[in-house]
Amino acid sequence: MTTVDVEYCVPCGHLSRAEDVQHVLLTTFGERLDSVTLSTGRDGVFVVRVDDKRVFDVAEDEYDVDGIVRRVRSHL
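Residues numbered from 1 in each chain as written. Predicted model: local features only at pLDDT ≥ 70, side-chain atom pairs only at ≥ 80, totals over all residues. Heavy atoms only, no water.

### What about the pattern of salt bridges?
For step 1, the next point in the chain: A complete count under the given rule lists six salt bridges for this structure.
For step 2, the next point in the chain: Between D57 and R54 there is a salt bridge, and its shortest N-O distance comes to 3.3 Å.
For step 3, the next point in the chain: The exposure class assigned to R54 is partly exposed, which follows from its relative accessible area of 46%.
For step 4, the next point in the chain: Among the salt bridges present, the one from R54 reaches E60, with a minimum N-O distance of 3.5 Å.
For step 5, the next point in the chain: Salt bridges here are not isolated pairs; linked through shared partners, they connect D5, E7 and R49. (Salt bridge = Lys/Arg side-chain N within 4 Å of Asp/Glu carboxyl O. Buried < 20%, exposed > 50% of the residue type's maximum accessible area, 1.4 Å probe, protein only.)

The following block contains the structure:
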């Protein structure tokens, strides 16, 4: 099965974004995922990893929940 980690910047206030991504992934993929965890970070980080492989980084891409879901789907 697959694990997803959403690392988000606490001082930047990205918690709500991280929770949104977590909720959508769990709703969309349900039991196909072992877990969707939230990890605290800093320095503007907002990164999504699937099985330790980075699939989204806000430093490189524009934040888009649907785009993140598509990237996660491609790793399932």
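Moving on from the model shown.
### Describing the side chain of D57
For step 1, the next point in the chain: Counting through the fold element by element, D57 comes out in strand β4 (residues 53-57).
For step 2, the next point in the chain: One polar contact links D57 to R54, side chain to side chain, over a distance of 3.3 Å.
For step 3, the next point in the chain: Ignoring anything within four residues of it in the chain, the contact list for D57 reads F46 and V47. (Helix = DSSP H or I, 4+ residues; strand = E, 2+ residues; numbered from the N terminus. Polar contact = N/O pair within 3.5 Å; in protein donor to acceptor, adjacent residues only side chain to side chain. Contact = heavy atoms within 4.5 Å.)

### Focus on the nonpolar core
For step 1, the next point in the chain: The biggest cluster of nonpolar side chains holds 18 residues, and the ones touching the most others in it are V4, L25, F46, V48 and V72.
For step 2, the next point in the chain: Among the secondary structure elements, those contributing two or more residues to this core are β1 (2-9), α1 (15-29), β2 (33-41), β3 (46-50), β4 and α2 (65-73). (Core = buried A, V, L, I, M, F, W, Y, C linked by side-chain atoms within 4.5 Å.)

### Observations regarding the pairing of β2
For step 1, the next point in the chain: The sheet contact formed by β1 and β2 spans eight bridges and is parallel. Bridge assignment links E7 to a residue of β2, and that residue is S39.
For step 2, the next point in the chain: A crossover links β1 with its parallel partner β2, the connecting element being α1, and its sense is right-handed. (Pairing = 2+ DSSP bridges. Right-handed = clockwise from strand over helix to strand, strands pointing away.)

### Re the side chain of H14
For step 1, the next point in the chain: Counting through the fold element by element, H14 comes out in the loop between β1 and α1.
For step 2, the next point in the chain: Beyond its immediate sequence surroundings of up to four residues, H14 is in contact with Y8, C9, G44, V45 and F46.

### Describing the sheet that holds β2
For step 1, the next point in the chain: Strand order across the open sheet formed by four strands is β2-β1-β3-β4, with mixed pairing between neighbours. What marks the edges here is a single partner per strand, and that holds for β2 and β4. Looking at each pair of strands side by side, their axes are set apart by 20 degrees on average, direction ignored.
For step 2, the next point in the chain: Sheet topology places β3 next to β4; four bridges connect them, and they run antiparallel. Across the sheet, R49 pairs through a bridge with R54, a residue of β4.
For step 3, the next point in the chain: Together, β1, β2 and β3 form the strand contacts of α1, whose direction differs from that of β2 by roughly 175 degrees. (Axes fitted to C-alpha atoms, helices over the stretch in contact; angles between N-to-C directions.)

Purely geometric stuff here, so don't read any function into it on its own.
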